[in-house]
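Here's the letter readout for the chains.
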Amino acid sequence: MKKRLMLFCLVLSLCFILTGCNGLSKMYKDVGVKFAEGMGNMTFDEAKSIAEGSEYNVEITDNDQITRIELTDKNKERISVYFRSGSNGDKAPTVSSLFYSSLNKDKSFYASEFSFSTEKISKWGVDTQNVESLAACERFMFGATSGVILIKPQTSDENNSDTSSVNTNTKTYTLRHGKLLNTTINDDTLVIKAKIESSYDNKATVDQNYYNIEDIIKNQGGDKYTEIQYWAVADMTDGSEQKVVSFTVSESVIKQIANNEIVTNQMGSYVDDLFIHASLS
């Protein structure tokens, strides 16, 4: 019995040495931490080299609308690394944001140099909240952190800036369709949370969300943001409330919408991270 106890302690110690007992998933430790540490300084070629040198499935999207490196594995984990457009319309030269999700845990988080948010998905809907750092995102996902903590840099003129651009819930928006649940403004990112009702068919139900975004951008000053995150929930036939549509509108697409360069009901072909509930497909 004593020998078994000693063996157990030895194995436990080895586990601590190898993993740090930090609870991070293998995929996140292998590549996610590297991307997080490279936020703001890792180039596309460097990120591509890390991705293609890993054991995970890699898909690279590089076009006029988005530059993204996405990794997936058999455990239903996904890591997406973005190089989003800057204020001059060019793509960012370095990693600008990171998205991690786990279907097994029904959780995901988003991290950039300037904002962080976590999302828990369940049969009762979606619970999204803004947090203060990448470490908080990691604690949410894994119960521990990698030690990579990203906090928005303090700028010298921040105290003199317009508070509507840094505080939450300081501006009221309206929706053409559905009910506005919450508005959050983080620096130059607008987050819209809505509740919608079904329309005459599935496509019309989805399209109403694009018309909401078009109206905010064209008629309510939404073209000032560099990113708009949108998600909508709806009541399901089983009585539950679930997320049915979500997507992210990049700065370049916001400009195209404002300039009438995108047909509204085709917006789904231009936005990032598009999610449409299976019942609407």
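Residues numbered from 1 in each chain as written. Predicted model: local features only at pLDDT ≥ 70, side-chain atom pairs only at ≥ 80, totals over all residues. Heavy atoms only, no water.

### With respect to the overall build of the protein chain
When you go through the protein chain residue by residue, the secondary structure sums to six helices and 12 strands. For the protein chain, the proportion of contacts with a sequence separation of at least 24, taken over those separated by at least 6, is 49%. Counting every atom, the protein chain has about 14,800 Å² of accessible surface; 50% of that belongs to carbon and sulfur. (Helix = DSSP H or I, 4+ residues; strand = E, 2+ residues; numbered from the N terminus. Contact = heavy atoms within 4.5 Å. Areas by Shrake-Rupley, 256 points an atom, 1.4 Å probe, with all protein chains shown as cover.)

### Thoughts on the pattern of salt bridges
All chains considered together, the criterion is met by nine salt bridges. Here Glu 132 makes a salt bridge to Arg 139, at a shortest N to O gap of 3.6 Å. Taking relative accessible area as the criterion, Arg 139 reaches 43% and is therefore assigned partly exposed. For Lys 195, the salt bridge goes to Asp 235, with nearest N and O atoms at 3.1 Å. (Salt bridge = Lys/Arg side-chain N within 4 Å of Asp/Glu carboxyl O. Buried < 20%, exposed > 50% of the residue type's maximum accessible area, 1.4 Å probe, protein only.)

### A short note on the packing of aromatic side chains
Two measures describe an aromatic ring pair: the distance that separates the ring centres and the angle between the ring planes. Enumeration over the complete set of coordinates arrives at eight aromatic pairs. Over the face of the ring belonging to Phe 140 we find Lys 107, whose NZ or CZ atom lies 4.8 Å from the ring centre. The residue whose ring lies beneath Lys 243 is Phe 275, and the NZ or CZ to ring-centre distance is 4.6 Å. (Phe/Tyr/Trp six-rings, centres within 6.5 Å; stacked < 30°, edge-to-face > 60°. Lys NZ or Arg CZ within 6 Å of the ring centre and 35° of its normal.)

### Some thoughts on the pairing of strand 2 (residues 67-72)
A large share of strand 2 lies buried, amounting to five of its six residues. Here strand 1 (residues 57-62) pairs with strand 2 via six bridges, running antiparallel. Bridging from a neighbouring strand, Thr 61 pairs with Arg 68 of strand 2. For strand 2 and strand 3 (residues 77-82), the ladder comprises five bridges, and the chain directions are antiparallel. By the bridge assignment, Ile 69 is partnered in strand 3 with Val 81. Taken together, strand 2 and the strand that follows it, strand 3, pair antiparallel across an intervening segment of four residues, in which Lys 76 is found at a positive phi of about 65°. (Pairing = 2+ DSSP bridges.)

### Looking at the packing of helix 5 (residues 202-219) against helix 6 (residues 251-258)
Any two packed helices are characterised by the angle at which their axes cross and by the distance between the axes. Where helix 5 meets helix 6, the closest approach of the two axes is 9 Å, and the angle between their N-to-C directions is 80°. Relative to helix 6, helix 5 is oriented roughly perpendicular. Contacts between helix 5 and helix 6 involve Ile 213, Glu 214, Ile 217 and Lys 218 from the first element and Ile 254, Ile 257 and Ala 258 from the second. Residue composition of the contact of helix 5 with helix 6, by class: five nonpolar, no polar and two charged. (Axes fitted to C-alpha atoms, helices over the stretch in contact; angles between N-to-C directions. Parallel < 35°, antiparallel > 145°, perpendicular 65-115°, else oblique. Nonpolar A, V, L, I, M, F, W, Y, C, P; charged D, E, K, R; others polar.)

### Some thoughts on the sheet that holds strand 12 (residues 272-276)
Pairing within the open sheet is mixed, and its five strands lie in the order 8-9-10-11-12. A strand with exactly one partner marks an edge of an open sheet, and here the two such strands are strand 8 (179-186) and strand 12. The mean angle between the axes of side-by-side strands here comes to 15°, regardless of whether they run parallel or antiparallel. Alignment of strand 8 against strand 9 (residues 189-195), held across seven bridges, turns out to be antiparallel.

### Structural notes on the packing of helix 2 (residues 26-37) against helix 3 (residues 44-52)
At a minimum axis separation of 10 Å, helix 2 and helix 3 run at an interaxial angle of 170°. Here helix 2 lies roughly antiparallel to helix 3, going by the angle between them. Between helix 2 and helix 3, the residues in contact are Val 31, Lys 34 and Phe 35 and Ala 47, Ile 50 and Ala 51, respectively. Looking at the contact of helix 2 with helix 3 residue by residue, the classes come out as five nonpolar, no polar and one charged.

### Here's the deal with helix 5
Given a rise of 1.5 Å per residue, 18 residues ought to cover 26 Å, and the 26 Å separating the end C-alpha atoms of helix 5 matches this to within 8%. With 13 of its 18 residues buried, helix 5 lies for the most part within the structure. Structurally, the start of helix 5 carries an N-cap: the backbone nitrogen of Lys 203 is 3.3 Å from a side-chain oxygen of Asp 201. Trailing helix 5 by a residue or two, Gly 221 shows a phi angle of about 80°, which is positive. (Expected span 1.5 Å × (residues − 1). Polar contact = N/O pair within 3.5 Å; in protein donor to acceptor, adjacent residues only side chain to side chain.)

In short, the description is geometric, and any link to function would need to be established separately.
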